[in-house]
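Structural description and commentary
Listed below, chain by chain, are the residues.
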2 protein chains.
Amino acid sequence: MREPRPSDLSAMQLSACRGRNVTGACSDCKVRLVSVCSALEAEELSELERLAHASCYPARETLFHQGEPADAVYTVTAGTVRLYNLLSDGRRQIVGFALPGDFLGLSPGDTYRFSADAVEPVVACRFARNVYEGLSDRKPHLQRRLLEFATHELTLAREQMALLGRRSAEEKVATFLLGLRERWAVLFGGHESATVQLPMGRQDIADYLGLTIETVSRTLSRLAGTQAVLIVPGGVRLTDLPRLRRLAAI
Amino acid sequence: MREPRPSDLSAMQLSACRGRNVTGACSDCKVRLVSVCSALEAEELSELERLAHASCYPARETLFHQGEPADAVYTVTAGTVRLYNLLSDGRRQIVGFALPGDFLGLSPGDTYRFSADAVEPVVACRFARNVYEGLSDRKPHLQRRLLEFATHELTLAREQMALLGRRSAEEKVATFLLGLRERWAVLFGGHESATVQLPMGRQDIADYLGLTIETVSRTLSRLAGTQAVLIVPGGVRLTDLPRLRRLAAI
DNA sequence: CGTTGAGTTGACCATCGTCAACAGGAGTGG
DNA sequence: CCACTCCTGTTGACGATGGTCAACTCAACG
């Protein structure tokens, strides 16, 4: 009897997901209240619904690719998306993981500056960019909420810069685990589980923390050796929160 | 006969800056067209003018500090501001340098998440946050421009994450020099000078690139030794752009 | 039962950090 | 005008953290 995984949030949607399109009322959306859509009233929501195209993406499928015309924005409703930058020689930096409720695809200029693909099966609402911009120009509440989201993302990105530039491997891993736990807790209405699900692989974690897969593996093993964590299938159980918090030293 | 320094942009304003407050019409502002204020029409501009408080900050003075109530936003009109995150043990990560035209102070929640202080003497227009939010709620153009700015900043932050996480010291320094050159060029209307002014010290560059001051110094010396750059007072002359571009490998 | 891919572990090494000494310029006070 | 301090930047010696390369385990899958 395993713990429920965050991706179970929309298991129904995923299992119903044979073709590429999924239908469903925005008013029933499980992530509406944590997404940008919470800025909209009931009647505006039905207008949004006509513009939305909910789609499924199996694991590893690309939502959009760095350099392509940025002609859509997305709200993730289930699953985990990795957003990353590829250097010309193949090195990769993951700049963020988008969880259910997150908004993707804002770009300055007319091409995406980053790539996004599904880590595990994903459901996302897709909006044509020009249509969405038209809507947000007519709805100041939505525009304001988008600014709030962008500001929040900017703060996260800057905190991640401090992580990448100024912290050791052990601090990086501890901070990552605590941060992910916090994000899942928000999605589950405040319940903080001791077990953090890790839908992404070690390579993804490494590329997010600016490390190699070997260092991530070694660091997790060392944390497990000192009883700070317990490595379980699909995730990590945080067995010594105070020590992890001291390492993360937020 | 030295080259003009970017800070000369507003030498008049700075020399007139005896007290803390500077006055001047927004319509005369040298950075208006590259700042968020470009979203406003002539009559809106005079409304903005009544809300703005232009102030001087001598070098090293703080505009705002991490943790303080976020009750103001700023547009830099002259000088360079460093924006940084302090870890509890004193390690510092500079998350960006704000140049004339840049907008500062957007925060999720009601406290600043980062500190900002003047690298060299700075002039900045200060707006009370609640007043500015009221204005932007009434001016969709301004709100939209703010979103554009935040999106642009987010993109820069993510590119910096890739720099911090995945690049060598030499690549970091080369990318930094080329990026700063590009930014000055935009402020000077497209003229790309071979000499990049560095108003910030080596320690600031180190804290921006996730390096130590010694590594920055050594890397610059090595680049100078191979004739890629020439270190001049107050800046660096880029003498081998192709090689620097290859190192930066954008 | 062989193959594949993810993850772990070990040995070795390079890059970059640490510690320390020193150079040069700005400011200060005699 | 000079001596002194302070601060920034440079350079060297050394070492640690984390990267590289390689071998191995294990589970999933045909």
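Keep in mind it's a predicted model, so treat the numbers as computed, not measured.

1. Description of the overall build of chain A
Looking only at helices and strands, one finds eight helices and 12 strands in chain A. On C-alpha atoms alone, chain A measures out to a radius of gyration of 18 Å, which is about the 18 Å that the 2.2 N^0.38 rule sets for 250 residues. The dimensions of chain A, computed from C-alpha atoms along their principal axes, are 55 × 45 × 35 Å. A total of 250 residues make up chain A; the buried ones form 47% of that total. Expressed as a percentage of contacts within chain A between residues at least 6 apart in sequence, the contacts between residues at least 24 apart total 71%.

2. Notes on the sheet that holds strand S8 (residues 115-118) of chain A
All names here are of chain A. Pairing is antiparallel across the open sheet formed by four strands, whose spatial order is S3-S8-S5-S6. Sheet topology places strand S3 (62-64) and strand S6 (92-98) at the edges, where each strand pairs with a single neighbour. The average angle at which neighbouring strand axes cross in this sheet is 30°, direction not considered. With two bridges connecting them, S3 and S8 associate as antiparallel partners.

3. Some words on the relation of the copies chain A and chain B
For the pair chain A and chain B, the relating rotation is 180°, the translation along its axis is 0.0 Å, and the fit reaches an RMSD of 0.0 Å. On the angle and the small slide along the axis, the relation comes out as a two-fold axis. Same-surface contact between copies: 100% of interface residues of chain A are shared with the interface of chain B.

4. Let's talk about the protein's contact with DNA strand C
For DNA strand C, the set of nearby residues contains 16 residues, the closest of which are Gly201, Ser217 and Ser221 of chain A together with Ser168 and Thr215 of chain B. Secondary-structure elements contributing two or more residues to the surface near DNA strand C are helix H6 (202-209) and helix H7 (213-225) of chain A together with helix H7 (213-225) of chain B. The dominant element in the surface near DNA strand C, judged by the number of residues it contributes, is H7 of chain A, at six residues. Taken together, the residues of the surface near DNA strand C break down into five nonpolar, seven polar and four charged.

5. Points about the interface of chain A and chain B
Across the boundary between the two partners, chain A contributes 35 residues, which contact 35 residues of chain B. Elements that contribute at least two residues to the side of chain A that touches chain B include exactly S6 and helix H4 (140-166) of chain A. If you tally residues by element for the side of chain A that touches chain B, the top one is H4 of chain A, at 21 residues. Along the lines of polarity and charge, the residues of the side of chain A that touches chain B split into 15 nonpolar, 11 polar and nine charged.

6. Observations regarding the sheet that holds strand S8 (residues 115-118) of chain B
Taken in spatial order, the four strands make up an open sheet running S3-S8-S5-S6 (chain B), and their pairing is antiparallel. Two strands lie at the open edges of the sheet, namely strand S3 (62-64) and strand S6 (92-98) of chain B, each paired on one side alone. Here the strands of the sheet are splayed against their neighbours by 30° on average, with no regard to which way each runs. Two elements, strand S5 (residues 81-86) of chain B and S6 of chain B, share six bridges in a ladder whose sense is antiparallel. Counterpart to Tyr84 of chain B in the pairing with S6 of chain B is Ile94 of chain B. Across the sheet, H4 of chain A lies against S5 and S6 of chain B, angled at about 130° from S6 of chain B, the strand it touches most.

7. Describing the packing of helix H5 (residues 169-187) of chain B against helix H8 (residues 241-248) of chain B
How two helices sit against one another is set out by the angle between their axes and by the gap between those axes. Residues and elements named next belong to chain B. Packing of H5 against H8 brings their axes to within 8 Å, and their N-to-C directions diverge by 120°. The pairing of H5 with H8 is recorded here as oblique in orientation. When you trace H5 past H8, the crossing you get is left-handed. Residues Glu170, Glu171, Ala174, Thr175, Leu177 and Leu178 of H5 pack against Leu244, Arg245, Leu247 and Ala248 of H8.

8. Focus: the packing of helix H5 (residues 169-187) of chain A against H7 of chain A
Residue and element names in this part refer to chain A. Between H5 and H7, the shortest axis-to-axis distance is 10 Å and the interhelical angle comes to 75°. Taken together, the axes of H5 and H7 are roughly perpendicular relative to one another. Residues Ala169, Glu170 and Val173 of H5 form the contact with H7, whose participating residues are Thr215, Val216, Thr219, Leu220 and Leu223. When the residues that make up the contact of H5 with H7 are grouped by side-chain class, the tally is five nonpolar, two polar and one charged.

Criteria and cut-off values
- Residues numbered from 1 in each chain as written.
- Chains lettered and ligands numbered in written order.
- Predicted model: local features only at pLDDT ≥ 70, side-chain atom pairs only at ≥ 80, totals over all residues.
- Helix = DSSP H or I, 4+ residues; strand = E, 2+ residues; numbered from the N terminus.
- Rg over C-alpha atoms; globule rule 2.2 N^0.38 Å.
- Buried ≥ 20, exposed ≤ 12 C-beta atoms within 10 Å, placed from the backbone.
- Contact = placed C-beta atoms within 7 Å.
- Pairing = 2+ DSSP bridges.
- Axes fitted to C-alpha atoms, helices over the stretch in contact; angles between N-to-C directions.
- Least-squares fit on C-alpha atoms with pLDDT ≥ 70 in both.
- Near = placed C-beta within 6 Å.
- Nonpolar A, V, L, I, M, F, W, Y, C, P; charged D, E, K, R; others polar.
- Parallel < 35°, antiparallel > 145°, perpendicular 65-115°, else oblique.
- Left-handed = near helix turned anticlockwise from the far one by under 90°.

Any link to function would need more than the numbers given here.
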